[in-house]
Amino acid sequence: MRHFVTTQAWSIEELQSLLSEAATLKRDPVQPRLQGRTIALLFFNPSLRTRTSFQIGAAQLGMTAVVLEPGKGVWGIEFDPGKVMDGDAEEHIVEVASVLSRYCDLIGMRAFPGFKNWQYDRDDPLIKTLVRHSRVPVINMETIVHPCQELALVMTLHERLGALKGKKLCLTWTWQPQPESTAVPNSIIMIATKFGMDVTLLCPTPDYVLDERFMKAAHENANANDGRLSVTHQLEDGYAGADAVYATSWGALPYYGNPEKEWSLSSAHKRFIVDEDKMALTSNAILSHCLPVRRNVEATDAVIDSKAWVAIDEAENRLHVQKALMLKLLRATERS
């Protein structure tokens, strides 16, 4: 039985196979090959694209998708082992996973980090606990990484740039009014280096460099696949010659759990907004974002409304790659 918690556990060949199937599904989207199968979607956090694409994708495959929002219509869930459950959570993930495993063929979970203790959150304990107690494949719909977003990005890059080895991707930090998770940047540096891209992490100061766990994984990917990962704090160096720019916001880990301090630090770097002048430094680059994007805060209207903007293509591709993923996981279950 396979789970899809991180792309690091999947080979290039396996990921390419998923992308090939996704391209086929994009051309012919309604294929009820999973008639009678079910997926439970656990959402601990808000969602537009993830929720919609999984529900519609399941329907196009003939599946039934059940959306569950713990604490809203279903019981709150506790994850810590040995917990004396005298708080808000009414049931434990042990029972939740056991019951859903009997009802459903797949379980997806979206659970953002708690923004209190990075040493706790960096181990991704919630989804690991679900995996430990589930008897069906588990899909990560975003925790401290966002592997489904990774697949959609690579599909979009292939469509626009062709072969990715040696192509330059600038992953740029952008300011926004509230601290954001590092999930998307963690994912972008890992998947882009896995596909052999020359990745530049552009951020204001060393405080914004990502956790060593993900930097190390990206360096290892780069070494194994003829890619490259570098860090710069200079805007011109990040954008110069880029074939693709990925804009997203994330909080500085030294101030994790301290939003007031993080605000005072980040608000000094509003110049990192993606605009026409910065995009002019690139090699006619495409520009993407995981969405939602704050217009005229993270990127200007001019670049979002330009031909370079491929974030909507990437959002659409979420639908296709996730359908390919559900098919793959259930085929693996049948073989086992």
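Structure: above.
So, here is what we can say about the structure in this document. (Residues numbered from 1 in each chain as written. Predicted model: local features only at pLDDT ≥ 70, side-chain atom pairs only at ≥ 80, totals over all residues. Heavy atoms only, no water.)

1. Describing the sheet that holds strand 6 (residues 106-110)
Spatial ordering of the open sheet is given by 3-2-1-6-7, a layout of five strands whose pairing is parallel. Edge positions in the sheet fall to strand 3 (73-74) and strand 7 (138-140), since each of these pairs with one other strand and no more. Judged from the three bridges that link them, strand 6 and strand 7 form a sheet pairing that is parallel. Opposite G108, over in strand 7, you have I139 as the bridge partner. Contacts from helix 5 (residues 125-133) reach strand 6 and strand 7, with the element oriented near 165 degrees to strand 7. (Pairing = 2+ DSSP bridges. Helix = DSSP H or I, 4+ residues; strand = E, 2+ residues; numbered from the N terminus. Contact = heavy atoms within 4.5 Å. Axes fitted to C-alpha atoms, helices over the stretch in contact; angles between N-to-C directions.)

2. Remarks on the sheet that holds strand 10 (residues 228-232)
Read from one edge of the open sheet, five strands run 10-9-8-11-12, paired in parallel fashion. Looking at the sheet topology across the chains shown, the edges are occupied by strand 10 and strand 12 (286-288). When the angles between neighbouring strand axes are averaged without regard to direction, this sheet yields 20 degrees. In this sheet, strand 10 lies alongside strand 9 (residues 198-202) in parallel orientation, the contact comprising five bridges. Its bridge partner lying in strand 10, D198 is registered against R228.

3. Examining the packing of aromatic side chains
With the rule as written, the count across this model stands at seven aromatic pairs. Between F44 and F79 the ring centres are 5.6 Å apart and the planes differ by 55 degrees, which places this aromatic pair in the tilted class. Of the two residues, F44 sits in the loop between strand 1 (38-43) and helix 2 (49-60) while F79 sits in the loop between strand 4 (77-78) and strand 5 (91-92), which places them 35 residues apart along the sequence. F79 gets classed as buried once you look at its relative accessible area, which sits at 7%. The structure contains a cluster of three or more aromatic residues connected by ring pairs, namely F115, W118 and Y256. For the cation-ring pair, R2 lies above W10, with the distance from its terminal atom to the ring centre recorded as 4.1 Å. Here the basic side chain of K270 rests over the ring of W175, its NZ or CZ set 4.5 Å away from the ring centre. (Phe/Tyr/Trp six-rings, centres within 6.5 Å; stacked < 30°, edge-to-face > 60°. Buried < 20%, exposed > 50% of the residue type's maximum accessible area, 1.4 Å probe, protein only. Lys NZ or Arg CZ within 6 Å of the ring centre and 35° of its normal.)

4. Some remarks on the side chain of T143
With respect to the element layout, T143 can be found in the loop between strand 7 and helix 6 (147-161). Overall, T143 belongs to the buried group, its relative accessible area being 1%. At 2.8 Å, the side chain of T143 forms a polar contact with the side chain of D124. When sequence neighbours within four positions are dropped, the list of residues in contact with T143 reads A111, F112, P113, D124, I127, S181 and A183. (Polar contact = N/O pair within 3.5 Å; in protein donor to acceptor, adjacent residues only side chain to side chain.)

5. Structural notes on the pairing of strand 6
Sheet faces and side chains relate simply in a regular strand, where the side chains alternate between the two faces. Summarising burial for strand 6: five of the five residues are buried, a large majority. Judged by which residues are buried, strand 6 turns out to be covered on both faces: L106, G108 and R110 on one side and I107 and M109 on the other are all buried. Sheet topology places strand 1 next to strand 6; five bridges connect them, and they run parallel. Among the inter-strand pairings, L42 is bridged to a residue of strand 6, identified as M109.

6. Thoughts on helix 8 (residues 212-224)
In this model helix 8 runs 18 Å from its N-terminal to its C-terminal C-alpha over 13 residues, within 8% of the 18 Å that 1.5 Å per residue would give. Among the residues of helix 8, those classed as buried are F214, M215, A217, A218, N221 and A222. The buried residues of helix 8 occupy one face: seen down the axis, they fall within an arc of 160 degrees. Exposed residues lying more than 90 degrees from the buried face of helix 8 are E212, N223 and A224. Residues of helix 8 that are buried in the fold lie against helix 4 (118-121), helix 7 (183-194), strand 9 and strand 10. The N-cap residue of helix 8 is D211: its side-chain oxygen and the backbone nitrogen of R213 are 2.8 Å apart. (Expected span 1.5 Å × (residues − 1). Arc of directions from axis to C-beta.)

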